[in-house]
Amino acid sequence: MASDANASEERVLAAVEERRAIVNDAIDDYLPLAEPERLWEASRYLMLAGGKRLRPTVSLLAAEALLDVEPLSEPYTDFPTLSGDRIDILAAGMSIEVIQAFTLIHDDIMDDDALRRGVPAVHVEYGTDTAILAGDTLYSKAFEILTHTGSHAENGLRATRRLATTCTHICEGQALDVDFEGRTEVPPEEYLEMVESKTAVLFGAAAAIPPILLDADDEVVDALHQYAVEAGSAFQIQDDVLDLTVPSEKLGKQRGSDLVEDKETLITLHARQQGVDVDGLVDADDPETLTDAEVEAAVATLNEAGSIDYARTTARDLVAKSKSRLEVLPDNEARGLLGDIADYLITRGY
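Read on for a plain summary of the structure.

The axes of two packed helices give the description: the angle between them and the distance between them. Running from N to C, helix 3 (residues 54-67) and helix 4 (residues 89-111) cross one another at 155°; their axes reach a closest spacing of 8 Å. The angle between the axes of helix 3 and helix 4 places the two elements in the roughly antiparallel class. The crossing of helix 3 and helix 4 is right-handed. Facing Arg55, Pro56, Ser59, Leu60 and Ala63 of helix 3, the residues of helix 4 in contact are Ile89, Leu90, Gly93, Ile96, Glu97 and Gln100.

Below is the structure:
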């Protein structure tokens, strides 16, 4: 079983790396440096800083699975549709990644985070005013990029509407997250709704927009949307688990930092329902002063309440539902990789 999981992860990492290279090489084509230079440098900054490119990978694999073509056998900028035309499906994946960069810039401003992708955040490097403008520029540019796929006008309109609705949901999810900070009680069900809106819907758009552009029917579009929303929700829930269960050196940040920062997660919300004094789990006011002993004691309490297992089970159930949605696609290598990605989102080598 472990060897199967390792093989699945290796397939995912190879597929992501191949498509990440394609996306990275296309940044200058879809997001060229222009005037005023400082604005465009700030706008391109996070895109050039790296990133996994999971969302465009999902977009490109969804297209390959739907058309039943061998992965990487068709050029993404001249990709076949179900009606026999050819379009630029890479533009769709790129528009999603540009929206992702826009959300990260604004998130970092709101949270006053100093680092992103191992480099100073955009507002730290370029100032808050320029960072806000850079985020707004990326938001606008994403829609412009999406208009250049060469798809039928009706499909292009539907794809643009889907992306616009997605961006609205992201803002609604962010607002809910802010609202939760001032509430003393948040049911886990409401937290899951917030995660879906804030994080998972962009995964959903990444999977749903390609079939829209490729002339797929609504059943396929809806199924792929749900596949990615459920996998994306599981991804966020698993992040909450990893914050408590993975050593700091592997995690890349202080283990248990969510508890210090009073971040509500599915784990803490479930624990509160079980009567756990979540606010008293750790005494540290700064992640840097948090001790391993404090984290271990907090984890023991949360384990006793069944809260960590509750989150793990929720994530696994979401992934199982997610993978079942892929049955609308032909049985091929690209579809298998989409299933592997759903599994990878709740393992990621840990």
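Before going further, it helps to spend a moment on helix 15 (residues 333-344). Since one α-helical turn is 3.6 residues long, residues separated by three or four positions face the same way. Between its first and last C-alpha atoms helix 15 spans 16 Å; for 12 residues at 1.5 Å apiece the expected length is 16 Å, and the two agree. Listing the buried residues of helix 15 in full gives Ala334, Leu337, Leu338, Gly339, Asp340, Ile341, Ala342 and Tyr344. If you check the start of helix 15, you find a side-chain oxygen 3.3 Å away from the backbone N of Ala334, and it comes from Asn332.

Attention shifts here to helix 14 (residues 307-324). With 18 residues, helix 14 should cover 26 Å at 1.5 Å per step; its first-to-last C-alpha distance of 26 Å lies within 8% of that length. All of the buried residues in helix 14 are Ser307, Ile308, Ala311, Thr314, Ala315, Leu318, Val319 and Ser322. Each buried residue of helix 14 lies within a common arc of 130° when the element is viewed along its axis, so the set occupies one face. As for helix 14, its buried residues are in contact with helix 8 (188-213), helix 9 (218-245), helix 12 (266-273), helix 13 (292-304) and helix 15.

Opposite charge on two side chains makes pairing possible when the charged atoms of those side chains draw close. The tally for this structure, following the rule as stated, stands at 21 salt bridges. Across the salt bridge formed by Arg86 and Glu74, the nearest N and O atoms sit 2.5 Å from each other. Pair noted here: Arg86 is in strand 2 (residues 86-87) and Glu74 is in the loop between helix 3 and strand 1 (79-80), with a separation of 12 residues, a long-range link. With a relative accessible area of 39%, Arg86 lands in the partly exposed category. Taking the relative accessible area as the measure of exposure, Glu74 reaches 23% and is therefore partly exposed. The closest approach of N and O atoms between Asp343 and Lys323, which form a salt bridge, is 2.8 Å. Taken together, the residues span a long stretch of sequence, with Asp343 in helix 15 and Lys323 in helix 14 at a distance of 20 residues. Among the charged side chains, a salt-bridge network with shared partners connects Glu18, Arg19 and Glu64.

Quick look at the nonpolar core now. One recurring pattern in soluble globular proteins: nonpolar side chains tend to sit buried together. By size, the foremost hydrophobic cluster in this structure holds 110 residues, and its most contacted members are Ile89, Ile99, Ile209 and Tyr227. Contacts of Tyr227, omitting those with residues within four sequence positions, involve Val58, Ala207, Ser322, Arg325, Leu326, Leu338, Ile341 and Ala342.

On the surface, a cluster of negative charge is contributed by Asp111, Asp112, Asp113, Glu181, Glu261, Asp262, Asp283, Asp285, Asp286 and Glu288. Following the sequence through the fold, Glu181 ends up in helix 7 (residues 153-181). We classify Glu181 as exposed; its relative accessible area is 64%.

In the segment running from Glu35 into Pro36, the intervening peptide bond is cis, with an omega of 0°. Tracing the sequence through the fold places Pro36 in the loop between helix 1 (2-30) and helix 2 (37-49). Despite not being glycine, Arg53 has its phi angle at roughly 65°, a positive value. Looking at where Arg53 falls in the secondary structure, it is placed in the loop between helix 2 and helix 3.

Attention shifts here to the packing of helix 8 against helix 12. Look at helix 8 against helix 12: their axes get within 9 Å of each other, and the N-to-C directions meet at 170°. Taken together, the axis directions place helix 8 and helix 12 in an arrangement best described as roughly antiparallel. Residues Pro188, Tyr191 and Leu192 of helix 8 pack against Leu266, Leu269, His270 and Gln273 of helix 12. Classifying every residue of the contact of helix 8 with helix 12 gives five nonpolar, two polar and no charged.

Time to look at the packing of aromatic side chains. Considering all chains together, one arrives at five aromatic pairs under this definition. Measuring from ring centre to ring centre gives 5.5 Å for Tyr45 and Tyr126, while their planes differ by 85°; the resulting arrangement is edge-to-face. Here Tyr45, found in helix 2, pairs with Tyr126, found in helix 5 (residues 122-126); they are 81 residues apart in sequence, far enough to count as distant. When sorted by exposure, Tyr45 lands in the same class as Tyr126, which is buried. When the ring centre of Phe203 is taken as origin, the NZ or CZ atom of Arg55, which lies over that ring, is 4.2 Å away.

About the thresholds
- Residues numbered from 1 in each chain as written.
- Predicted model: local features only at pLDDT ≥ 70, side-chain atom pairs only at ≥ 80, totals over all residues.
- Heavy atoms only, no water.
- Axes fitted to C-alpha atoms, helices over the stretch in contact; angles between N-to-C directions.
- Helix = DSSP H or I, 4+ residues; strand = E, 2+ residues; numbered from the N terminus.
- Parallel < 35°, antiparallel > 145°, perpendicular 65-115°, else oblique.
- Left-handed = near helix turned anticlockwise from the far one by under 90°.
- Contact = heavy atoms within 4.5 Å.
- Expected span 1.5 Å × (residues − 1).
- Buried < 20%, exposed > 50% of the residue type's maximum accessible area, 1.4 Å probe, protein only.
- Polar contact = N/O pair within 3.5 Å; in protein donor to acceptor, adjacent residues only side chain to side chain.
- Arc of directions from axis to C-beta.
- Salt bridge = Lys/Arg side-chain N within 4 Å of Asp/Glu carboxyl O.
- Core = buried A, V, L, I, M, F, W, Y, C linked by side-chain atoms within 4.5 Å.
- Patch = residues over 30% accessible without salt bridge, like charges linked within 9 Å, V, L, I, M, F, W, Y side chains within 5 Å.
- Areas by Shrake-Rupley, 256 points an atom, 1.4 Å probe, with all protein chains shown as cover.
- Lys, Arg positive; Asp, Glu negative; His and termini not counted.
- Charge placed at Lys NZ, Arg CZ, Asp CG, Glu CD.
- Nonpolar A, V, L, I, M, F, W, Y, C, P; charged D, E, K, R; others polar.
- Phe/Tyr/Trp six-rings, centres within 6.5 Å; stacked < 30°, edge-to-face > 60°.
- Lys NZ or Arg CZ within 6 Å of the ring centre and 35° of its normal.

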